[in-house]
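Next come the chains, spelled out residue by residue.
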Amino acid sequence: WLGFFSIGVLLKKNMADFLFFLNKRVIYIIALYLISLLVSVYIEPEAGGYFSKMTLPMEFLGVVCLFSVCTLPFFNHFIFAKIAELSFGIYLTHFLMFPIRKFLPAYSFMEFINPLIILSLNSILLLLGLRFSKWINLDGLYCTLLGIRNVDKKAKAY
């Protein structure tokens with residue numbers, strides 16, 4: 001993780017230029033990622049995950065692909081901004097949503113849709129909790145404990 005953090009620190013000063021570069025090449029980057037994904041599955045068909053031979057290159061290419069896709073105008077929607085505000089809270093609580101998987105269909109194509117369902121449910125629950133915490137005047141504490149960026153800036157952190 002130190003390497004990824006270091007790359008982030010180096011990119012911080014030139015992030016706008018980097019994102020502009022990626023936006024102009026989004027189709028090529030997606031194609032490269034998909035080809036690399038197929039090659040990695042061919043090289044290690046049964047050994048994906050954190051400790052495979054292709055982990056570091058695929059993580060690097062995945063981050064570049066994710067950054068390039070995120071520059072598309074589609075992602076300039078208020079829903080994505082709201083999810084970004086909740087991102088650390090989602091990270092802290094996502095494992096609590098995993099039991100929901102037993103109620104979701106177990107088809108292979110659903111492996112791509114189930115994370116979106118879990119993300120949506122997690123976001124909705126965090127937003128409901130934020131609304132309730134505002135109602136009882138504890139939204140500053142709620143945001144602090146769950147790492148939510150409080151957009152109102154009126155609530156005090158405890």
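My aim in this report is to walk through the structure given alongside it, one point at a time.

Looking at the overall build of the chain
When its secondary structure is counted, the chain shows 7 helices and 0 strands. Going from N to C terminus, the chain has its helices and strands arranged as α-α-α-α-α-α-α. Reported as C-alpha extents along the three principal axes, the dimensions of the chain are approximately 55 × 45 × 30 Å. Of all 158 residues assigned to the chain, the portion counted as buried reaches 23%.

Points about the side chain of Ser133
Here Ser133 lies in helix H6 (residues 110–135). Here Leu130 takes part through its backbone oxygen, which lies 2.8 Å from a polar atom of the side chain of Ser133. Other than its neighbours up to four places away in sequence, Ser133 contacts Leu138, Asp139 and Tyr142.

Describing the packing of aromatic side chains
Taken as a whole and judged by the stated rule, the model has 6 aromatic pairs. Taken together, a centroid distance of 6.5 Å and an interplanar angle of 75° make the contact between Phe18 and Phe67 edge-to-face. Pair noted here: Phe18 is in helix H2 (residues 15–23) and Phe67 is in helix H4 (residues 55–70), with a separation of 49 residues, a long-range link. Ring pairs connect the aromatic residues Phe74, Phe75 and Phe80, which therefore count as one cluster.

Describing the nonpolar core
In this structure, Leu86, Ile90, Leu126, Leu130, Tyr142, Cys143, Leu146 and Ile148 together form the largest nonpolar core, which totals 8 residues. Within the residue set of this core, elements represented by two or more residues are helix H5 (78–93), H6 and helix H7 (139–146). In terms of residue count, the dominant contributor to this core is H7 (3 residues). Once residues lying within four places of it in the same chain are set aside, the contact partners of Leu130 are Asp139, Tyr142 and Cys143.

Examining the packing of H5 against H6
In contact at an axis separation of 10 Å, H5 and H6 are set at 100° when each is read in the N-to-C sense. If you check the angle between H5 and H6, you find them roughly perpendicular. From H5, Lys82, Ile83, Leu86, Gly89, Ile90 and Thr93 reach across to H6, where they touch Leu119, Asn122, Ser123, Leu126 and Leu127. Residues belonging to the contact of H5 with H6 are distributed by class as follows: 6 nonpolar, 4 polar and 1 charged.

Observations concerning the environment of Leu127
Here Leu127 lies in helix H6. Those residues in contact with Leu127 that sit more than four places away from it in its chain are Lys82 and Leu86.

With respect to the environment of Phe75
With respect to the helices and strands, Phe75 occurs in the loop between H4 and H5. Apart from the residues lying within four places of it in its own chain, the contact partners of Phe75 are Val69, Cys70 and Phe80.

Details of a nonpolar patch on the surface
Taken together, the side chains of Tyr107, Phe109, Phe112, Ile113 and Ile117 present a nonpolar region at the surface, about 560 Å² in accessible area. Topologically, Ile117 is positioned in helix H6. Ile117 sits in the partly exposed class, given a relative accessible area of 33%.

With respect to the pattern of salt bridges
Under the defined criterion, the tally for this structure stands at 1 salt bridge. Salt-bridge contacts for Glu85 lead to Lys82; the nearest nitrogen and oxygen are separated by 3.1 Å. One end of the pair, Glu85, and the other, Lys82, are both in helix H5, 3 residues apart, so they sit about a helical turn from each other. Judged by its relative accessible area of 33%, Lys82 falls in the partly exposed class.

Quick notes on the rules
- Residues numbered from 1 in each chain as written.
- Predicted model: local features only at pLDDT ≥ 70, side-chain atom pairs only at ≥ 80, totals over all residues.
- Heavy atoms only, no water.
- Helix = DSSP H or I, 4+ residues; strand = E, 2+ residues; numbered from the N terminus.
- Buried < 20%, exposed > 50% of the residue type's maximum accessible area, 1.4 Å probe, protein only.
- Polar contact = N/O pair within 3.5 Å; in protein donor to acceptor, adjacent residues only side chain to side chain.
- Contact = heavy atoms within 4.5 Å.
- Phe/Tyr/Trp six-rings, centres within 6.5 Å; stacked < 30°, edge-to-face > 60°.
- Core = buried A, V, L, I, M, F, W, Y, C linked by side-chain atoms within 4.5 Å.
- Axes fitted to C-alpha atoms, helices over the stretch in contact; angles between N-to-C directions.
- Parallel < 35°, antiparallel > 145°, perpendicular 65-115°, else oblique.
- Nonpolar A, V, L, I, M, F, W, Y, C, P; charged D, E, K, R; others polar.
- Patch = residues over 30% accessible without salt bridge, like charges linked within 9 Å, V, L, I, M, F, W, Y side chains within 5 Å.
- Areas by Shrake-Rupley, 256 points an atom, 1.4 Å probe, with all protein chains shown as cover.
- Salt bridge = Lys/Arg side-chain N within 4 Å of Asp/Glu carboxyl O.

Take it as geometry only, folks, not as evidence of what the structure does.
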